[in-house]
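Survey of secondary and tertiary structure
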Amino acid sequence: MPEPAEPFEKSRSPEPLVSRQAPPLPEPGPSGPEPRSPAQRFDPTPQASPDAVLIRRTMAEVGPVADKVTSYFYALLFVRHPDLRPLFPAAMDTQRDRLLKALLTAAEHIDNTPVLVDYLQNLGRGHRKYGTRPEHYPAVGECLIGSLSRFASAIWDAETEAAWVRAYTTISQVMIDAAAADELRAPAWWYAEVVAHDLRTPDIAVITVRPDQPYPFLAGQYTSLETPWWPRIWRHYSFASAPRSDGLLSFHVKAVPAGWVSNALVHRARPGDIIRLGPPAGSMTVDHTTDSGLLCLGGGTGIAPIKALVEDVAEHGERRPVEVFYGARTDHDLYDIDTMLRLQQSHPWLAVRPVVDQRAHLHLPDAVREYGPWNEYDAYLSGPPGMIRSGVDALRAAGIPSDRIRHDSVEELVAAGD
């Protein structure tokens, strides 16, 4: 591997981020905008910074061999730094995918300082639960550059390497600083006892847990869960209610084929079991400084955070209109419809509309187009990745600006139910 252009050390200046790249540690932050395909990602427009051009060119070059790049990276990391292996799960399949997703997301927003800093700070806080320490970052950076230089050899040169070193040095410091600040106010994780396990369908359970200490979060956010059966494997789940006075937390979990965490939670977890919770994250929250209506699309277990948003509006005593479209493939999949209809009976400003694909031959985004207009509404989407993508397109076409459409990042949702 060529020698680094400069050492991976603490960044001393608060200069604007012109070329910042997400680190390849376990878990990409969950609420960044959806990245485009590798071919679209290399766009050296005049507005792009020189480092951004070089980094996006690298990502476009390695995109077709992404699996090899990530496998080589972890092999290099574990051979050169075997002491880091215990920080990672025993099975690395999903882990390899997450490395590339983190890199692509950061490359996409490398010149967008506010979005990227928020993304990196989320990563830094989230990595505390893995036991990540500041001294681990240089090893990761060294092996990342070793992998990229090997698989992008056709375009790799001293200038490209210098851009990556600058980027990684600065972004790692953003993560380190965020973790250090978070350590002063919150634990790295919370233990939580399962106090209720309600199997709503053969593959969907509503799970309620009691954290061992106060757990602050906002309606519409999510957290990561780790079960005792699969150590160091964390998956994201949305909170299914607004914060409660009794401190209990609820999650809606659908068991997916070969999903380690989801199947453990649905089929193995019982009251008395202890799980671990990571910190809350996500920006799909209600802006209580406005009186705009809320247009909410929830598909499948994506109804969980939508329910939390409705409760949040009710608790603030607001009378803003809230329109909920609850999508499912069959009537049987509307497992929480009774709860939503009870909320509708209690709050005249709330309208709940179930949309069943097999009955109406109508997908959720199509149903939304039949109502409206929606240009005065803030939109919230939660559900499978395909529904999110088509829903965003439908809402934009209906006149809702992109900055008023909120959802968790699509790339993170792909693995959320595993």
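Residues numbered from 1 in each chain as written. Predicted model: local features only at pLDDT ≥ 70, side-chain atom pairs only at ≥ 80, totals over all residues. Heavy atoms only, no water.

Turning our eyes to something else, we now look at the pattern of salt bridges. For the structure shown, the criterion picks out 13 salt bridges. The closest approach of N and O atoms between Glu-142 and Arg-80, which form a salt bridge, is 2.7 Å. Of this pair, Glu-142 sits in helix H6 (residues 137–151) while Arg-80 sits in helix H3 (residues 66–80), and the two are 62 residues apart along the sequence. A salt bridge links Asp-246 to Arg-244; the shortest N-O distance between them is 3.0 Å. Via salt bridges that share partners, Arg-128, Asp-182 and Arg-185 belong to a single interconnected network. (Salt bridge = Lys/Arg side-chain N within 4 Å of Asp/Glu carboxyl O. Helix = DSSP H or I, 4+ residues; strand = E, 2+ residues; numbered from the N terminus.)

Ordered in space as S9-S8-S7-S10-S11, the 5 strands form an open sheet in which the pairing is parallel. Sheet topology places strand S9 (350–356) and strand S11 (405–407) at the edges, where each strand pairs with a single neighbour. In this sheet, adjacent strand axes meet at a mean angle of 15° when their direction is disregarded. Running over the sheet, helix H13 (residues 385–397) touches strand S7 (293–299), strand S10 (377–382) and S11 and is turned about 165° from S10. (Pairing = 2+ DSSP bridges. Axes fitted to C-alpha atoms, helices over the stretch in contact; angles between N-to-C directions. Contact = heavy atoms within 4.5 Å.)

The final tally for this structure, using the stated rule, is 15 aromatic pairs. Considering the side-chain rings of Phe-73 and Tyr-74, the 4.8 Å spacing of their centres and the 70° angle between planes classify their relative orientation as edge-to-face. Across the pair, exposure class does not vary: Phe-73 and Tyr-74 are buried alike. For the ring pair Tyr-74 and Phe-78, a centre distance of 5.9 Å and an interplane angle of 35° mean the geometry is tilted. On the criterion of helical spacing, the pair formed by Tyr-74 and Phe-78 is a turn pair, its members being 4 residues apart in helix H3. Overall, the relative accessible area of 18% leaves Phe-78 in the buried class. Connected via pairs of aromatic rings, a cluster forms that spans Trp-190, Tyr-215, Phe-217, Phe-239 and Phe-251. For Arg-353, the ring lying beneath its charged end belongs to Tyr-371, and the centroid distance is 4.1 Å. (Phe/Tyr/Trp six-rings, centres within 6.5 Å; stacked < 30°, edge-to-face > 60°. Buried < 20%, exposed > 50% of the residue type's maximum accessible area, 1.4 Å probe, protein only. Lys NZ or Arg CZ within 6 Å of the ring centre and 35° of its normal.)

Purely geometric stuff here, so don't read any function into it on its own.
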